[in-house]
Amino acid sequence: MSPITLILIAIGLGLAGWLAGRAKAWSFQSSDPAHRPVSRPIYHAWYVALWVALPVLAFVAIWSAIAPQLVTQSVLASPAAAELPAFGFERDAFLGEARAVAQGSAPGVFNSDAEPLVAPFREAMTRYNIIGVIVTVLIAVAGGGFAFLRLRPDFRARTRVERTVMAILLLASLVAILTTFGIFASLVFETVRFFGMVSPIEFLFGTKWGPDTMVSPDAVDPSRYGAVPLFWGTIFIGAIIAMIVAIPLGLMSAIYLTQYADPRVRTWVKPLLEILAGVPTVVYGYFAALTVAPAIRDAAVAIGISGASTESALAAGVVMGVMIIPFVSSMADDSMAAVPSAMRDGSLAMGATKSETIRRVLFPAALPGIVAGIMLAVSRAIGETMIVVMAASPAANLTLNPLEPMSTVTVQIVKLLTGEQSTDHPATLSAFALGFVLFMVTLALNFIALRVVKRFREAYE
Amino acid sequence: MTVIHPNMADENAKIRARDVCVYYGDKQAIDHVSIDISPDYVTAFIGPSGCGKSTFLRCFNRMNDTIPSARVTGLIELEGDDIHGDRMDVVQLRARVGMVFQKPNPFPKSIYENIAYGPKIHGLAEKKADLDVIVERSLTRAGLWDEVKDRLEDSGTALSGGQQQRLCIARAIAVDPEVILMDEPASALDPIATAKIEELIDELSGRYAIVIVTHSMQQAARVSQRTAFFHLGKMVEYGPTSEIFTNPIEERTKDYITGRYG
């Protein structure tokens, strides 16, 4: 019996509790103001329903985790299990096969040795299914009964229901936060393992990157794990080239849209620009790798620069910049729109032209918000993966020439984790260390940006 | 119709408006208003909310241009020049006709930069020293110099509400306008700050033609020599302030002055 069935039972019983609670609450209704119930019947109904549903859900969550173990144990205790190999692969395979047949998800056993186990499996499953249903019903009835008996005219059902709902909402919002902590913890764990093999100093300040995946984990050469070329490539592509493209174009489009555009133009152009933000980055990746990169190489060759690469940092950076434009422009747009119109009027009334007003009053006033937008854009750009995977080079290269190939942190992470090395190899573990550094940097950028935005908001409220 | 007291027509009028109408989209906000604004007096526009007095004031420096749906018809002359004419640039007009708003709106810049803003964009000062002189003179005229002379680099937004409003007046004075428009300049201020602003208006009158929109009839009586009463987009009565408040001709003016509505 699957958890779904148990949940359906819980919902059915919850509905029954809901109706019973409401029926009882209705009987409290009184024309005498002194005896009017504190809460409306609907809250009494929900109070009972929650007392039925929540304990059952908790039980189902636990039960679906432990029931398979209980079944296996009871099968192992049966006489038929005495024939099984004591340990290892074969034993697990037999058990798995017998279980599949018993569940009806496999037509028959492959190993005849598993055959005798099918019947005990079936028996145990039936037993535990029945136990599960009985316990579910018992819990539901107990919870519902307890809640039902507490209902009285002066019972504050509403506050309790609302508190419970609030707790559920809180739990929902904690999921994302806890996940972030989980990611962080797993990164830290693997990073520490990596730093046990390669020293952090070597990793953070070494200038040669070229993990050798063929060498045995014991004979690792730490000098091949210097991540500086990757950090530089990431910064050069994501924070320099991309921003040289995105900042001027984003700001100019924001200024046009907020200050000059006809409202009709604005209603068309602004959503169009925001759609750009929704284009899958892999599509930008094609564009960078197949269109922009060859064009840049050809242009470089045409003006006599030799050694230009089709995997140039310039191509990846420019396309990434285009991708980032909507972020910069939309943040700049918001913060310019947030400048009180009294500022603008004050400047215009002084005889300033529109462009003087924008340059000398609106732009400086909106600057904190714009800077925050740019920082968020940078943090996005350096964490961007698909464009650089497709357009940048897998070979790390410490250079200032944008026409040469360069690699980024994200490219290396993808490369190292999609290989076939064991998870114990330092080459694989180095991906976690890279991810950890990236995580910390983007976290810091986001944190600072949000602080700046917050202070900026307070200034005008 | 409009009642205009004798001797209100002015040969030397600073601003002359004839049959001015303002429309917001299809809605008419001002209906054929004609008025002469004297250079020597403070002129007050009074009337109930929504009567169009602020809208009419904003015609004089063409601030209604900044509202896309607004449309102004009729003739407005500044010293005989049509302000909508080809020979008048709106930038020049606003340099000659300054404005102070209802809510103090200093720029988020230093006190010094707030005052220097206008002279800089209009190229009134060649050297920093000239600018210093203008800043000091403007702040002095606005009665703010003694309070802020030691902290000219502080942000203008850090001042109190009343100081901010005087900063805005100083900012308007800095470009040496001929007319200063004030749109309920004290309505966001406490009584003490209000008194200071009124005092300041008194000191500035004569040097600048001042037109003030106000909600408060006492304020109009205290600071102005000429009063125009507006109602439902029309100018009902225009005359010397003392006459308007003691001896109004129009029944509606009398009702408003005595507090029967508004």
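Residues numbered from 1 in each chain as written. Chains lettered and ligands numbered in written order. Predicted model: local features only at pLDDT ≥ 70, side-chain atom pairs only at ≥ 80, totals over all residues. Heavy atoms only, no water.

Draft legend 1. Examining the overall build of chain B more closely. When helices and strands are counted, chain B shows 10 helices and 11 strands. By the compact-globule yardstick of 18 Å for 262 residues, chain B fits well, its C-alpha radius of gyration being 18 Å. Across its three principal axes, chain B shows a C-alpha extent of roughly 55 × 45 × 35 Å. When burial is assessed residue by residue, chain B has 57% of its 262 residues classed as buried. Counted over contacts in chain B with a minimum sequence separation of 6, partners at least 24 positions apart contribute 68%. Of the roughly 11,200 Å² that chain B leaves accessible, carbon and sulfur atoms contribute 47%. Charged side chains in chain B number 30 positive and 38 negative. The centres of these two groups are separated by 3 Å. (Helix = DSSP H or I, 4+ residues; strand = E, 2+ residues; numbered from the N terminus. Rg over C-alpha atoms; globule rule 2.2 N^0.38 Å. Buried < 20%, exposed > 50% of the residue type's maximum accessible area, 1.4 Å probe, protein only. Contact = heavy atoms within 4.5 Å. Areas by Shrake-Rupley, 256 points an atom, 1.4 Å probe, with all protein chains shown as cover. Lys, Arg positive; Asp, Glu negative; His and termini not counted. Charge placed at Lys NZ, Arg CZ, Asp CG, Glu CD.)

Draft legend 2. Layout of the domain arrangement of chain A. When cut into domains, chain A gives domain 1 (3–155) and domain 2 (217–460). In this structure, domain 1 of chain A and domain 2 of chain A have C-alpha centres spaced 51 Å apart. (Domains from an automatic or database assignment.)

Draft legend 3. Inspection of the packing of aromatic side chains at higher detail. All names here are of chain A. Per the counting criterion, the structure on display carries 21 aromatic pairs over all chains. Ring centres of Trp18 and Trp46 lie 6.1 Å apart, and the angle between their planes is 75°; this geometry places the pair in the edge-to-face category. In this pair, Trp18 is assigned in helix α1 (residues 3–26) and Trp46 in helix α2 (residues 41–77), connecting sequence segments 28 residues apart. Overall, Trp18 belongs to the buried group, its relative accessible area being 18%. By relative accessible area, Trp46 is classed as partly exposed at 43%. (Phe/Tyr/Trp six-rings, centres within 6.5 Å; stacked < 30°, edge-to-face > 60°.)

Draft legend 4. Spatial organisation of the sheet that holds strand β6 (residues 81–82) of chain B. Spatial strand order, β3-β2-β5-β6 (chain B): 4 strands in an open sheet with antiparallel pairing. Only two strands of the sheet have a single neighbouring strand rather than two, namely β3 (27–37) and β6 of chain B. (Pairing = 2+ DSSP bridges.)

Draft legend 5. Expanded view of the environment of B:Arg18. Residues and elements named next belong to chain B. Summarising the element assignment, Arg18 is placed in strand β2 (residues 15–24). Overall, Arg18 belongs to the partly exposed group, its relative accessible area being 30%. C-alpha of Arg18 to C-alpha of Ile35: the two residues are 17 residues apart in sequence and 6.7 Å apart in space. Beyond its immediate stretch of four places on either side in the chain, Arg18 contacts Val33, Ser34, Ile35, Asp36, Gly74 and Leu75.

Draft legend 6. Expanded view of the pattern of salt bridges. For the structure shown, the criterion picks out 22 salt bridges over all chains. Salt-bridge contacts for A:Asp262 lead to A:Arg264; the nearest nitrogen and oxygen are separated by 3.2 Å. Under the relative-accessibility criterion, A:Asp262 is labelled partly exposed at 31%. By relative accessible area, which is 62% here, A:Arg264 ends up exposed. Residue B:Asp146 is joined to B:Lys149 by a salt bridge in which the shortest nitrogen-to-oxygen separation is 3.6 Å. (Salt bridge = Lys/Arg side-chain N within 4 Å of Asp/Glu carboxyl O.)

Draft legend 7. Summary view of the pairing of strand β8 (residues 179–183) of chain B. Residues and elements named next belong to chain B. For β8, a buried count of 5 out of 5 residues is recorded, marking the element as mostly surrounded by other parts of the structure. Summarising the sheet, strand β7 (residues 97–100) and β8 pair through 4 bridges and their orientation is parallel. Counted as the bridge partner of Val100 is Met182 from β8. In terms of strand pairing, β8 meets strand β9 (residues 209–213) through 5 bridges, oriented parallel. What sits directly across from Ile180, in β9, is Ile210.

Draft legend 8. Up close: the sheet that holds strand β4 (residues 42–46) of chain B. Residue and element names in this part refer to chain B. Taking strand neighbours across the sheet as the criterion, the 7 strands line up as β1-β11-β10-β4-β9-β8-β7 in an open arrangement whose pairing is mixed. Looking at the sheet topology across the chains shown, the edges are occupied by β1 (3–4) and β7. As judged from the 6 bridges shared by strand β10 (residues 226–231) and strand β11 (residues 234–240), these two strands associate in the antiparallel manner. Directly across from Phe229, in β11, lies its bridge partner Glu237. The strands touched by helix α6 (residues 161–173) within the sheet are β7 and β8, with β7 carrying the most contacts at an inclination of about 170°. (Axes fitted to C-alpha atoms, helices over the stretch in contact; angles between N-to-C directions.)

Draft legend 9. Representation of the side chain of A:Thr136. All names here are of chain A. In this structure, Thr136 sits in helix α4 (residues 115–150). Residue classification places Thr136 among the buried positions, given a relative accessible area of 0%. Of note is the side chain of Thr136, whose polar atom sits 2.7 Å from the backbone oxygen of Gly132. Excluding residues within four positions of it along the chain, Thr136 makes contact with Leu6, Ile9, Val56 and Phe59. (Polar contact = N/O pair within 3.5 Å; in protein donor to acceptor, adjacent residues only side chain to side chain.)

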